[in-house]
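Analysis of the macromolecular model
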Amino acid sequence: MYYKYVSCETLEKILTNKTILFNNPVNFNDPFDCCFPGLSPHYRSKIEKVIKKTIKHNKHIPKKNQGLDKEINNLALEITKELKNLLNVLKNDWDGFISEFRILCLTKDNDNLLLWSHYADSHKGVVLGLNIDESIMKPVKVQYCTHDKRIEAISEQLISKLIEIELQNEFNSKNIEINENPFAEIFLKTLLSYFFIKRNEWSYEKEFRIVLKSDSKLVTNDCIPLDSKLLKTVIYGIKFENAELQEKLKSQFPNIEEYMVEKNDDELCINPLTPAST
């Protein structure tokens, strides 16, 4: 079971529209979430090393080539220049790239004090228990890192792939087919990794994410339909007092399992309001 913390206002919209919203990552509350993947200031010094390593391990590139060292030096300068231009283009268009995706943020914790405070209107809201069909939409665990080291590593992987393509083009024999526009595919695969990386400050969320393209057939107007197969439980916060909204929820989902959060000394306890349905 995956859980979604929401305010009463958001729950009202969910019930009215009978949908769950996937968000545009541009609108996330963390300004560093899915942000442009900056590189280490020393990445230029690594390019020649990556070129040599690529030549060593790539069977399509001849190892014995007169003047190879000179070509490597020239390539390093050329690739550095191209990468600088490419990264400037990406940085300027980054919001456009990530806006082509939609994300649903979930967690497996239903008793997280901070999540109740931050996302469920200071315990006035609810937590929705969602039964995700992972054969259709698989939630992926978010990785938390310090000083964006993981982001830097992924960025350098992308650079290595681009260098490999550049080298294959440079030393290519006629019988080797090279994709005319390989960057789009490589970038897309690398880009997806950024959606599952956050700074350590957010590790308390223990977040999982479902990422879909904005034009996916699974979403309509950035939403997926909400039905009884998806929504299984609701947990009302300690300060929840909206009886009208509760009745609306029960009328639309009569078999939903209801729970209430209560304080027990210094802990949160989740107690059932109704027997679990069979």
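Refer to the structure above for everything that follows.
Because the structure is predicted, anything quoted here is derived from the model rather than measured.

**Considerations on the overall build of the protein chain**
A tally of regular secondary structure across the protein chain gives 7 helices and 12 strands. Among the 278 residues that make up the protein chain, the fraction classed as buried is 43%. For the protein chain, the proportion of contacts with a sequence separation of at least 24, taken over those separated by at least 6, is 81%. Carbon and sulfur atoms provide 49% of the accessible area of the protein chain, an area that totals close to 16,300 Å².

**Focus: the pattern of salt bridges**
A full pass over the atoms with the stated rule returns 8 salt bridges. For E205, the salt bridge identified is with K198, shortest N-O distance 3.0 Å. This pair shows no difference in class: E205 is buried, exactly as K198 is. E207 serves as the salt-bridge partner of R209, at 2.6 Å between the closest nitrogen and oxygen.

**Digging into the environment of N255**
Mapped onto the elements of the fold, N255 is located in the loop between α7 (243–252) and β11 (257–264). For N255, a relative accessible area of 62% corresponds to the exposed category. Residues N255 and K232 lie 23 residues apart in sequence; the distance between their C-alpha atoms is 8.0 Å.

**A short note on unusual backbone geometry**
Located in the positive-phi region is K18, a residue other than glycine, with phi close to 55 degrees. Note that K18 resides in the loop between α1 (8–17) and β2 (19–21). A relative accessible area of 45% means that K18 is categorised as partly exposed.

**Structural notes on the packing of aromatic side chains**
One pass over the full model with this rule turns up 4 aromatic pairs. Ring centres of Y5 and W116 lie 5.4 Å apart, and the angle between their planes is 80 degrees; on these two criteria the pair is classed as edge-to-face. Here the residue Y5 occupies a position in strand β1 (residues 2–6), and W116 occupies one in helix α4 (residues 113–119), the gap between them amounting to 111 residues. Residue W116 is classed as buried on the basis of its relative accessible area, which comes to 0%. An angle of 40 degrees between the planes, with centres 4.7 Å apart, marks the rings of Y236 and F240 as tilted.

**As for α1**
Because an α-helix packs 3.6 residues into every turn, residues spaced three or four apart end up facing the same way. C8, L11, I14 and L15 are the residues of α1 that are buried. Along the axis of α1, the buried positions cluster into a sector of 115 degrees, meaning they face one direction only. Residues of α1 that are exposed and point over 90 degrees away from its buried face: E9, K13 and N17. Elements that come into contact with the buried residues of α1 comprise β1, β2, β4 (126–130) and α7. In the segment just after α1, K18 is the residue with positive phi, at about 55 degrees.

Analysis parameters
- Residues numbered from 1 in each chain as written.
- Predicted model: local features only at pLDDT ≥ 70, side-chain atom pairs only at ≥ 80, totals over all residues.
- Heavy atoms only, no water.
- Helix = DSSP H or I, 4+ residues; strand = E, 2+ residues; numbered from the N terminus.
- Buried < 20%, exposed > 50% of the residue type's maximum accessible area, 1.4 Å probe, protein only.
- Contact = heavy atoms within 4.5 Å.
- Areas by Shrake-Rupley, 256 points an atom, 1.4 Å probe, with all protein chains shown as cover.
- Salt bridge = Lys/Arg side-chain N within 4 Å of Asp/Glu carboxyl O.
- Phe/Tyr/Trp six-rings, centres within 6.5 Å; stacked < 30°, edge-to-face > 60°.
- Arc of directions from axis to C-beta.

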